[in-house]
Amino acid sequence: MFFNFLLFELKLRLKSVSTYVFFLLTALLPFFAVSTQGFGPIGSGKILLNSPFAVLLIITFVMFYGSILLAAIFGPAILRDFNQDTYQLIFTKPISKYSYLGGRWAGSMITAIFVFSGIVFGTALGTMMPWTDKLRLAPNDFGMYFRAFFSMGVVEIFFLGTLFFCVAALTRNIVVVYLQGVALVALYFIEAIAVITSNKLDRTWASICDPMGLIMNQSLTRYWTVAEKNTLLPHWTGVFLYNRLLWMGVGALALIAAFVFFPMSAEVLGSRRSTKHAKAARAEEEAQGKPRSRFGVELPRVTQIFGAMTTWKQLLSLTRLRFFNIVRELPFWAIAMLMLLFALIGGHFAGNNNGVEVWPVTYLMVSIVSGNAGLFLIIIGALYAGEVIWRERDVRFEQIHDSLPLRDWADFVSKFLALAMVETLLVSVIWVCGLISQITQGYFRFEMVHYAKELYLVFLPQMLTIVLLALFLQTLLGNKFIGHAVVIGFFILIPTLYSWGFENRLYMFGEITPYTYSDMNGYGHFVMALFWSISYWLFVGCLLGVFAVMFARRGTEQSFAARLKTARPRVARLIPAAAAFSLLAAICGAVFYYNTHILNEFRTAKQSRHRAAAYEQLYKKYERLPQPKITAVDVAVDIYPERRSFSATGSYRLVNHTDKPIDEVHITDTQESLQDVAFDRGSKQTLGDKVHFYSIYKLDQPLRPNETMKMNFHVGHTSRGFKDGNERPEFAYNGTFFDRDYFPFIGYNQRIELDDPVRRREEKLPALEEMAPPGDPYYSNINLFTSDSEWVTFHALVSTSADQIAIAPGDLKRSWTENGRRYFDYSMGDTRINNFFSFLSGSFSEKSDQWKNVKLDIYYQPGHEFNLDKMMDASKTGLEYYQKNFSDYQFDEFRVLEFPRYRRFAQSFPGTVPFSEDIGFIERLKKPDDIDLLYFVTAHELAHQWWGHQLIGSATQGSNMMAESLAEYSALKVMEKKYGEDMTRKFLRYELDGYLRGRAGESRHEPPLVLVQREPYVWYQKGSMTMFALADYIGEDKVNLALRNFLEKNRYAQGPFPDTRGFVAALREQTPPELQYVVTDMFESIVLYDNRAVSATYIETPDKKYKVTLKVASLKKKADGSGNETPMTIHDLIDVGVFSGSKEHLKRLNLHKEWISQENSTFEFVVDEQPTFAGIDPYNKLIDRNPGDNLTSVEKQ
Amino acid sequence: MLSIRNLSKTYSGGVRALRDVSLDIAPGMFGLLGPNGAGKSTFMKILATLLDPDTGTATLDGLDLIADKDATRRLLGYLPQEFGVYPKMSAVDMLNHLAVMKGITKRGERKEIVEGLLHQTNLWEVRKKALGGYSGGMKQRFGIAQALLANPKLIIVDEPTAGLDPAERNRFLNLLSSIGRNVVVILSTHIVEDVLELCSRMAIMSSGQLILEGAPAQAVDCVKGKVWSKVVSTDTERDTVEKSFHVISAHMVAGLNELRIYSETAPGDGFAQAEADLEDVYFFNLTRHQRN
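Rules used throughout
Residues numbered from 1 in each chain as written. Chains lettered and ligands numbered in written order. Predicted model: local features only at pLDDT ≥ 70, side-chain atom pairs only at ≥ 80, totals over all residues. Heavy atoms only, no water. Helix = DSSP H or I, 4+ residues; strand = E, 2+ residues; numbered from the N terminus. Rg over C-alpha atoms; globule rule 2.2 N^0.38 Å. Contact = heavy atoms within 4.5 Å. Areas by Shrake-Rupley, 256 points an atom, 1.4 Å probe, with all protein chains shown as cover. Core = buried A, V, L, I, M, F, W, Y, C linked by side-chain atoms within 4.5 Å. Buried < 20%, exposed > 50% of the residue type's maximum accessible area, 1.4 Å probe, protein only. Domains from an automatic or database assignment. Phe/Tyr/Trp six-rings, centres within 6.5 Å; stacked < 30°, edge-to-face > 60°. Lys NZ or Arg CZ within 6 Å of the ring centre and 35° of its normal. Buried area = accessible area lost by both parts, 1.4 Å probe. Salt bridge = Lys/Arg side-chain N within 4 Å of Asp/Glu carboxyl O. Polar contact = N/O pair within 3.5 Å; in protein donor to acceptor, adjacent residues only side chain to side chain. Nonpolar A, V, L, I, M, F, W, Y, C, P; charged D, E, K, R; others polar. Arc of directions from axis to C-beta. Pairing = 2+ DSSP bridges. Axes fitted to C-alpha atoms, helices over the stretch in contact; angles between N-to-C directions. 1 Å grid on protein atoms, 1.4 Å probe; cavity = no way out; pocket = protein on both sides within 12 Å on 5 of 7 lines; lining within 4 Å. Points joined across faces, edges and corners; volume = space filled by probe spheres on them.

**With respect to the overall build of chain A**
Broken down by element type, chain A carries 33 helices and 29 strands. Whereas a compact globule of 1197 residues would reach a radius of gyration of roughly 33 Å, chain A reaches 35 Å, a difference of no more than 12%. Overall, chain A is about 120 × 90 × 55 Å in size when its C-alpha atoms are taken along their principal axes. In chain A, once contacts between residues fewer than 6 apart in sequence are set aside, the share between residues at least 24 apart is 76%. Of the accessible surface of chain A, which amounts to about 48,400 Å², a share of 61% is contributed by carbon and sulfur atoms.

See the structure below:
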């Protein structure tokens, strides 16, 4: 009996097309993810696209999006009988519940496993495609594929599918089944968002409770190195095991529930239906009364009026009808509620900007609520486009509807209007969500106009364009589901096209130019681009609408030939409308094309990369060509903010510090801004490669050794119209900020080289050249930051429009207004600076203060007053600390300048720090122990005035740590002065996390700290941890002394420049012999610890004290650049300690360092208070891949 | 006067649904009889502007029904054979909407006709209920109500009595006949009684062709005295009769098989002369047409 049902079920599924369609669907994502780089969740780098890690991630993704397929497979298994009313036939027969439910369930289970095995099939097929990058593939390991598929896929099919099966069996209502699916996904999203945004480091419980495995796998593998990701699957132990067991348990319970509670009788099952029928019948009888015959019935006479007014009324009536048809549907409400939920969740976290709490300003709020709700608006638009187009046919009302005296266009327009009303309504709901979220977070600066602009003028038109497309497709295609499939295909196609390098928004349907709103610059220069691209696609959409009217179904014939015939008489009438929309679209398209292709050069990302690659191929041969160095910069810069342009003239003083005459000067025009160059002697341009930004000038008289020469130049940038994305972020109506890259670079500029290994392969470039090792004879004489310069003197005369202030490094000598423009004269006087400068212009407010003889200024956007005092405080505390411990501050001023959020960073120029409006200026500390990133960043950038502007290393491996790691360390110490040790520790815990994740994503190889090349996670996160740990071992004063000595020796070095050999030596000088290993391990190697608190117990001593016995385990490993580890013998001094209080707020009872020389050690402590926790390296000063197990609770013995 | 000339329609699948149908229909009730698949619905869909014929014309008092669809739709009342409703809408809302669609834009008039029709079709009590909850009969009555909105000049009702119980059927036929005095009403049915009771003129269709057209009474006159019946009790007996005579129909009468045959002369041998009725006309024409 069971087998009869099972076989029946399987036969049915085997015959059903949907089974194979689902199979292909699940194969699709893995196929593209493996065959096409950049398509799937694995980015570029060394992780193989079919590695265990990648396969697991793909499976998790497919299972997540495929959960709706599970509903579609398991739901109908039971519901089929009820939809087709066969239940009466089945349940009146003597069959057992076990075989009926069991057969159906097992059949669905087998079907689902088959469907999802498409993942393995897709993966394997993806590896065989001719365009696949074989370097990023491992041989197909089907054993691994199936193990991964079993542990993630099959387990999830079991529990989620059974859950669907259970709900279907118990409610017998398909809508409830789908709603359950939607609700599960929604709940899951909420959990995921909450976990990810709460930024908690401990994710044990979140991982165990994670039904889909996204959070679990992410937290299990987040510290895995490339080598591990390419070889390992998570084992069925620990969190992974508990998670799988938990969810299999849920599945088993659901199965039991279905078996126990399913009523196996036709009567019970049918009861709901029959009462419904009975009720209807009764109502009918009541309504009918006694039939009486009537003679000579006269219906009232009516007048029929047809004309424009009637058409209008018909349109209104139809629109109203269609609108209510949509909003009265349960699925609509379900999707709308989900949208509301997502918008509110998003809104709640709008103030969380990548883990940093900021004020939920309107631009953040509106973008997150509309972003979160957008998907649902698209779903509703596409789904109900199908519904309105097919409604009459679905409810079989089409014959009556189609024979109404109604214009063809009015019918279509009413469909569009109904959807437009729905979308407008939902957009208004989004607005309210935004306002509610701002209120609940205590932000009351409501910018209604901005909301209205973003939501109704930018967001809504895009939704309407999609609606028009969906209406068009649904009209043209012969079936609603094909229509939906094509619409979904369209949404997959667009990002796929992008990832294949198609970027032109003239043909990427519905895509508008990317834009950024900034408080400083508003919509600024994006207004025109938005206006024309939104209008363009809206009119194209309208044109599609006209075609939809032409081909709309009317009447009972469905064949395409018949529809062409019906379309023919409409064409003539629709030509004016089609012509009008074509013309409008053409005008908008032409304006767009003129701006993006004629006024501006249209360059795709690929073309830009290609140029950079060609630059390298053509001119790298000149890299070591002897060139003069810049020693003085004098420029006159005119900024025209209202035109987003500037023009500058200037001169360099060049000196030949080589021992041979130089007869050629090479210039790289990094930002394509160079107009002309002249020297103080005759010269001839022998190469002018505008495409690859390179030119060569032959000097009539060579520049002799030690001779100086003047080079005059004219540079500028003129913004014309608008571009299709890639607008230069440097130029804005308010908030201009450009730097040295707009001025000629002498020689070959290595920083133009592509560094992504995949992109380099694409361009047939060899692997990126490794930096030279410390001590390299050539590069020791090259300045790390500005290879074409020595220390320079700097003078700049800057002008801008009358309502703005222009700022450059240097003392402001004079400022005046002339010819309606403001002029500012900045000079560094005799102070030599790193040849690294910037120009800013904006309508700033200014806050000033003084520290000793240093003038402090913050130039900021009015309205961004939130944190000015803290910035000032960080500047003062920093100046105090750095001057006391390192050396004197070299300038008379320190300025912080706000610039638009088109770029997100803060950067240290001599005496000036441009700071993005997005980071810091709107920061908001919610809890007293929140990390004050603004304070830290300000102190960090200030510290660069020492580490980067006084000390510059040579262009060799490791040198950048002497800028970045030291700035991190300095800023941490300043933060500690302000907020105390707990805050620093918390900060370092995030640094550890960041370092471990950074090395997990390494695409080349990880270097030790003092050999770092281009790895920010090493010079920032590992650097700060390492410096801090060293200070903990040998003392802050010793570290500072080492730094002071090293700085004193190398300050303003002219070349050879210092490198990390000298730096390490300076540290070793202050380090006692027994701790020299710390410097070796932390600075010169990659050493990882695995410290673990095994157990801790206490007994109360007779004198009311507590004797604690702590057992710990310690392992020490050395890793190579790819993450392969080898064990090391341990003889290390490590913290051990006992604490009271909670895990979040530990109170130290006894903490000291112990020498640990074997894997397992036991320590005894006597403390005065009752202990709660004890452990080894409890503050995670050492790099430990399982930082969570260093503490354990102390139990009573 | 509705005049139809040489109407033909072949579906894309090759089915010849109408073959050269010509017909004149004066105001009043016109019955269209025929078995399933005879082409009745195709014929009516063409008149209701839902289908274009391959050839032929249809004009109503000079109005070209096939070319001028919009004008046709303005004076049309159409009840399709099968139709559904928007399940969430109420009858009164829906009729109001359809009244607007039919150009009844004066609010007062619209209210009057909608309420009048709701009363006439006995839906007044349930007018605010969602149509999705209607029984088959109620839905059919709603269909009738919508077809009669806007005093149509041309009413096309395709199998209107299907699904109605006898009382409802009477009511509907009453309503239709009193409205249909001055306008063209075409009623298709395969129930002979409907035609007999209501229609002054009728036609019989089979395989896309008109096989008889006239007044029901005249049609009956043609077979009067030529219909004979015989009770048979075995298959052999039946076969013998079928071989020798033109059998019109077979009925069960009180558990016995009665065969009715057409014969110009008395067939003798156990046959009794039967009272000819419209059904005999119908079956006689059908069977004769099929024989040819």
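**Quick word on the nonpolar core**
Residues and elements named next belong to chain A. Of all hydrophobic cores here, the largest spans 152 residues; its most connected members are V637, F646, F743, F839, Y882, F1063 and F1083. For this core, the element with the most residues is helix α30 (residues 1016–1034), which contributes 11 residues. Two domains share this core, each providing at least three of its residues, namely domain 3 (965–1084) and domain 4 (1087–1196). Ignoring anything within four residues of it in the chain, the contact list for Y882 reads S887, A939, H940, L942, A943, W946, S970, A971 and V974.

**A few points about the packing of aromatic side chains**
The relation between two aromatic rings is expressed through the spacing of the ring centres and the mutual angle of the planes. All names here are of chain A. One pass over the structure, following the stated rule, counts 86 aromatic pairs over all chains. Ring centres of W359 and F866 lie 5.2 Å apart, and the angle between their planes is 20°; this geometry places the pair in the stacked category. Here W359 is found in the loop between β2 (356–357) and α17 (362–394), whereas its partner F866 is found in the loop between β18 (854–860) and α26 (868–885), with 507 residues between them in sequence. Judged by centre distance (4.9 Å) and plane angle (90°), the rings of Y778 and Y779 are edge-to-face. By the ring-pair criterion, three or more aromatic residues cluster together here, those being F646, Y652, F713, F731, F738, Y742, F743, F794, F837 and F839. Above the plane of the ring of F53 lies K229, whose end atom (NZ or CZ) is 4.8 Å from the centre. Against the face of W816 rests R814, its NZ or CZ located 3.9 Å from the ring centre.

**Some words on the domain arrangement of chain A**
Many structure descriptions define interface size as the accessible area lost when the parts assemble. Residues and elements named next belong to chain A. Partitioning chain A into domains gives domain 1 (2–271), domain 2 (308–325 + 332–339 + 364–598), domain 3 (965–1084) and domain 4 (1087–1196). Of note, the centres of domain 3 and domain 4, computed from C-alpha atoms alone, are 24 Å apart. At the junction of the two partners, domain 3 supplies 19 residues and domain 4 supplies 24 residues. Summing the contributions of domain 3 and of domain 4, the shared interface buries around 1,800 Å²; its carbon and sulfur component is 58%. When the buried area of domain 3 at its contact with domain 4 is split by residue, R985, R999 and D1081 rank highest and sum to 27% of it. At the surface where domain 3 touches domain 4, the tally comes to 4 salt bridges. D1032 is the salt-bridge partner of K1181, the closest N and O atoms lying 3.0 Å from each other. Connecting domain 3 to domain 4 are 8 residue pairs in polar contact (both at pLDDT 80 or more). Looking at the side of domain 3 that touches domain 4, the elements with two or more residues in it are α29 (981–1000), α30 and α33 (1076–1084). Element by element, the count of residues in the side of domain 3 that touches domain 4 is highest for α29, at 7 residues. Here the side of domain 3 that touches domain 4 is built from residues that sort into 9 nonpolar, 1 polar and 9 charged.

**Quick look at helix α32 (residues 1060–1070) of chain A**
All names here are of chain A. Within α32, the full set of buried residues consists of T1060, F1063, V1064, A1066, L1067 and Q1070. For α32, the angular spread of the buried residues around the axis is 155°, confining them to a single face. Opposite the buried face of α32, at more than 90 degrees from it, the exposed residues are R1061 and E1069. Elements that come into contact with the buried residues of α32 comprise α28 (961–979), α30, α31 (1036–1050) and α33.

**Topic: the pattern of salt bridges**
Residues and elements named next belong to chain A. For the structure on display, the rule yields 80 salt bridges over all chains. The closest approach of N and O atoms between D663 and K698, which form a salt bridge, is 3.4 Å. With D663 in strand β5 (residues 662–668) and K698 in strand β8 (residues 694–703), the pair connects residues that are 35 residues apart, well separated along the chain. On the accessibility criterion, D663 (33% relative accessible area) is partly exposed. Owing to a relative accessible area of 33%, K698 belongs among the partly exposed residues under this scheme.

**A word on the sheet that holds strand β4 (residues 55–60) of chain B**
All names here are of chain B. Sheet architecture is open: 4 strands sit in the order β2-β1-β4-β5, paired in antiparallel fashion. Bordering the open sheet on either side are β2 (16–25) and β5 (63–64), each of which pairs with just one other strand. Relative to β2, strand β1 (residues 2–10) runs antiparallel, the two being bridged by 6 bridges. Each bridged residue has a counterpart across the sheet, and for S3 the counterpart in β2 is D24. Against the sheet, helix α1 (residues 40–47) makes contact with β1, β2 and β4, and its axis sits at roughly 120° relative to β1, the strand it touches most.

**Quick look at the environment of V1108 of chain A**
Residue and element names in this part refer to chain A. Tracing the sequence through the fold places V1108 in strand β22 (residues 1106–1119). Among the residues examined, V1108 registers a relative accessible area of 0% and is labelled buried. Spatially, the C-alpha atom of V1108 lies 36 Å from that of L245, the residues being 863 residues apart in sequence. Excluding its chain neighbours within four sequence positions, the residues that come into contact with V1108 are T1097, Y1098, V1138, F1163, E1164, F1165, V1167, P1171 and V1194.

**A closer look at empty space enclosed by the protein**
Empty space among the atoms becomes apparent when a probe as large as a water molecule is rolled across them. Residue and element names in this part refer to chain A. On inspection of all chains with the given rule, the structure shows 9 cavities of 30 Å³ or more. Roughly 180 Å³ of internal volume is contained in the largest cavity. Residue lining of the largest cavity: 14 residues in total, with R393, D411, K415, A552 and R553 positioned closest to the centre. If you list the elements that add at least two residues to the lining of the largest cavity, you get α17, α18 (398–402) and α19 (408–440). Classifying every residue of the lining of the largest cavity gives 3 nonpolar, 2 polar and 9 charged. Size it by volume and the second largest cavity reaches roughly 100 Å³. Lining the second largest cavity, in full, are K1022, M1025, T1026, A1029, D1081, M1082, S1085, V1087, Y1089, K1181, L1182 and I1183. Examining the composition of the lining of the second largest cavity, we find that 4 residues originate from one element, α30, more than from any other.

**Looking at the pairing of strand β12 (residues 789–801) of chain A**
Residue and element names in this part refer to chain A. Burial of β12 is extensive: 10 of the 13 residues sit out of reach of the surface. Summarising the sheet, strand β3 (residues 629–640) and β12 pair through 8 bridges and their orientation is parallel. Bridge pairing in β12 links A632 to T793. Sheet topology note: the β12/strand β15 (residues 821–827) ladder contains 7 bridges and is antiparallel. In the sheet register, T800 faces β15, and the bridge partner there is R822.

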